[in-house]
Amino acid sequence: MVRRFVFCCLLLMSLTGAAMSLDELRFYLRSEPKTFNPALVADDSSETVRYLTGGVLVRLNRQTQQPEPELAVSWKLSNGGRTITFQLRQGVRFSDGTPFTARDVKYTMDALVDPAVHSPTADSFRSQQGTPRIVILASDRITITFPAAVAGLDKLFDQVAIVSASSPKREMAALGPFYVAEYKPGSYVYLRRNPNYWKRGESGRQLPYLDAVRLEIQANRDIEVLKFTRNEIHLINAMDADYFDKLSRSSPGKVRDAGPGMDTEQMWFNQVPSAPIAAYKLDWFRSRNFRQAVSAAISRDDLCRVVFAGHATAARGPVSPANKFWFNANLPPARHDTQIALQLLSKDGFRLKDGRLTDRSGHPVEFSIVTNAGNRSRERMATMIQADLRSIGITVNVVTLDFPSLLERIGETFNYEAALLGMTNVELDPNAVMNVWLSSGDEHQWNPRQKTPASPWEAEIDRLMRTQAASLDEKARKQSFDRVQEIVATELPFIYLVNKNTLLGVSPVLQGVVPVATRPQAYWNVERLRFSKEMAGDAK
Amino acid sequence: MKAVRITAVVLASLIVMLSLVGSLLPQFDYCLQDRQNFSAQPSPQHWLGTDALGRDRLARLLHGTRVSLLLAPAAAALSMVLAFLFGAVPGFAGGAGERIAKVLIDLMLSIPWLFLLLMVRALLPLNTSPVVSATITFAMLGLLGWGVPARVMLARARALREAEFVLSARAVGISRARLLSVHVAPNLLPVVAAQFWIAVPVFILAEANLSLLGLGVSEPMPSLGSLLAEMEGLLTVRGDFGCFAAPLVLLLMVGSLQVVAYDWEVS
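A brief look at the structure comes next. (Residues numbered from 1 in each chain as written. Chains lettered and ligands numbered in written order. Predicted model: local features only at pLDDT ≥ 70, side-chain atom pairs only at ≥ 80, totals over all residues. Heavy atoms only, no water.)

1. Points about the overall build of chain B
In terms of regular secondary structure, chain B is built from eleven helices and zero strands. Order of helices (α) and strands (β) in chain B, N terminus to C terminus: α-α-α-α-α-α-α-α-α-α-α. The principal-axis extent of the C-alpha atoms belonging to chain B is close to 75 × 45 × 30 Å. A burial count over chain B gives 49% of its 267 residues as buried. (Helix = DSSP H or I, 4+ residues; strand = E, 2+ residues; numbered from the N terminus. Buried < 20%, exposed > 50% of the residue type's maximum accessible area, 1.4 Å probe, protein only.)

If you want it as structure tokens, here you go:
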């Protein structure tokens, strides 16, 4: 009996030891992944799994922001940007051993553009009605012809994970560095190293270096940070400034500030003509002088310093400096000057008397800013804006609403005066935000779904956005979009406030992490991440 | 027990006095943002330090306590009036009225009040001043919080309906209205008072819950709830001793009120 017990203990110890010796990267998903089908990915968690498991023809290098060959060794654009021909990599196999051929690419693209599938990934490819024509030229050569030219076409394939046409495992057979080995709903997703992954490191060793990735599902940020401080997880992909600030004091070696991120925080005034707000307020909100005055009265530097503990940059316009190609560096930085603000207001007949600003009809200037409840940084920004605008005699009421109510007000009933929200920018190309800039767009928040542009400058933005979308000349596109940024910085339909920095938590035992601004900021080069052998005992 | 009661009364009175007097002093400006000195530790300039926007924590605590201590009892009083109308009156009257009241109370207790509050809050006009928004928040709590005291009052009123002194009074021909106002109501008073003292801390905590969701009293006005909301993250409050003052005051206040309420019930 004793012998059996001792044997069991030894067996258990050896198994535990084997498990501990695995190079297993651990981090948290903040919600349940909704799907493992790459074509249907729409949420962050599913996107994480897709990125770690999916093999793509072209990968956008997150550091250089340039497309690089992956499963396609080369590609060629022709036919005025409508056709793309891929030369595929040979000898590649899926995680289950099924060979990768042009048939798999055709199968993936057919499924992706099938209207019945409703793939969010396919939206980027739809420049015009009609389905693309996909022709297999050889087992390693395929051509895809779209009904119309698609700007930045090659970069769009970064989102298209190739699915096997013949594997019995279908989308669970992976071409990426890992494959889904186990999934326990509500608990974790366990990814194992793809034994057939094609990529090799500098020394010729097959990648990835890691044996497994364990993605625990945990929505609570507090728990995430606590587990990180206890070395139970190795990465935090995006961290709030509050946590970052605390961690940088207690464990400076475990946090990284990668500089401005892609996302923007902005406020805007409701300019919808049919909005249920007083006509005189609508007149204020439509006045460029009024919007410029409000912008000048806001201290963006204080927002960066106080709300984000210095881990943010004052925004100049709609594009973050993190977007290297599309950012217009010629835009002047927004100036904080209450005197300029009052001069601009006086041009429109506003008067400051006894600390209160009134319009030319004698109405006291007062409006509300809505923002989403529970978002501490936005609540703080709104409170600081409230104090800044008080200095020019404007009374601001800060209203925090639950998200569904907020969306209903800004998107359906238009029953609001000003809003403070952020925009998450996943893609670099301005075509991804056409819906925001076109006056007919649903996301043209200050006055959406216009039949004809309400102002000459909106008509000009429409023209420039359409021009750049139809052009394949990157220089010409950039010129057009630079002009859009200039118009936006002058007219201020959105008053851009800050670009939050990309703040990461990275365990010192993890090597090869190169933080970048674009998603996934910490593990975009996951196949090259490895654990430091010297410090392995600390956190593995 | 007497010493505990006296301590509780003294503590509650002290908190009320300090919040009322302190919040009126000009040096305690609750919305002044010292942006060069945010998230500061306690100092001679800021006794409890400053919050994330550089506002003096002591000033915000004094004002927040005043807001909560003025509005929570008002909301509790509103609740008691409703509880008396929907609990005590039908309980004493009996018959169909009592049955309808019971259904109504059960209905009230089964409503997920948090969602109802969220809904009502979303329907409110946006341009309400912080004072009005605070009043509305507590008024909503008062309007929705009468279920439990109504059930207690209904049970007590029903028991009084069968009491000998009530039966005797009815036998000599006293009208129901006079019976209720002169004989029953004074007997219900200890129950009402006990329920009132229970409701006050409940409403303070309910407002704290709403503030944690960002739906309590609007900025820049503080309340005990919004001050508690600053402690949302365990890591962010680590080493930040000033932010513990609000829960301490709330604890002392609620504890004192509970002792007073218990005393009322016993008496």
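2. Digging into the sheet that holds strand β6 (residues 133–138) of chain A
Residues and elements named next belong to chain A. Strand order in this open sheet of four strands is β4-β5-β7-β6, and the pairing throughout is antiparallel. Strands at the two margins of the open sheet, each flanked by one partner only, are β4 (72–78) and β6. If you compare each strand with its neighbour and ignore which way they point, the axes differ by 20° on average. Bridge count for β4 against strand β5 (residues 83–88) is six bridges, and the pairing is antiparallel. Following the sheet pairing, Lys-76 is matched in β5 by Thr-85. In the packing of helix α3 (residues 102–113) onto the sheet, contacts are made with β5, β6 and β7 (141–145), and the angle to β6 comes to roughly 175°. (Pairing = 2+ DSSP bridges. Axes fitted to C-alpha atoms, helices over the stretch in contact; angles between N-to-C directions. Contact = heavy atoms within 4.5 Å.)

3. A few points about the interface of chain B and chain A
With 33 residues of chain B at the contact, the number on the chain A side is 38 residues. The junction of chain B with chain A conceals about 2800 Å² of combined surface from both sides, 53% of it contributed by carbon and sulfur atoms. Taken together, the links from chain B to chain A amount to two salt bridges. In this structure, Arg35(B) engages Asp388(A) in a salt bridge whose closest nitrogen and oxygen atoms are separated by 2.9 Å. (Buried area = accessible area lost by both parts, 1.4 Å probe. Salt bridge = Lys/Arg side-chain N within 4 Å of Asp/Glu carboxyl O.)

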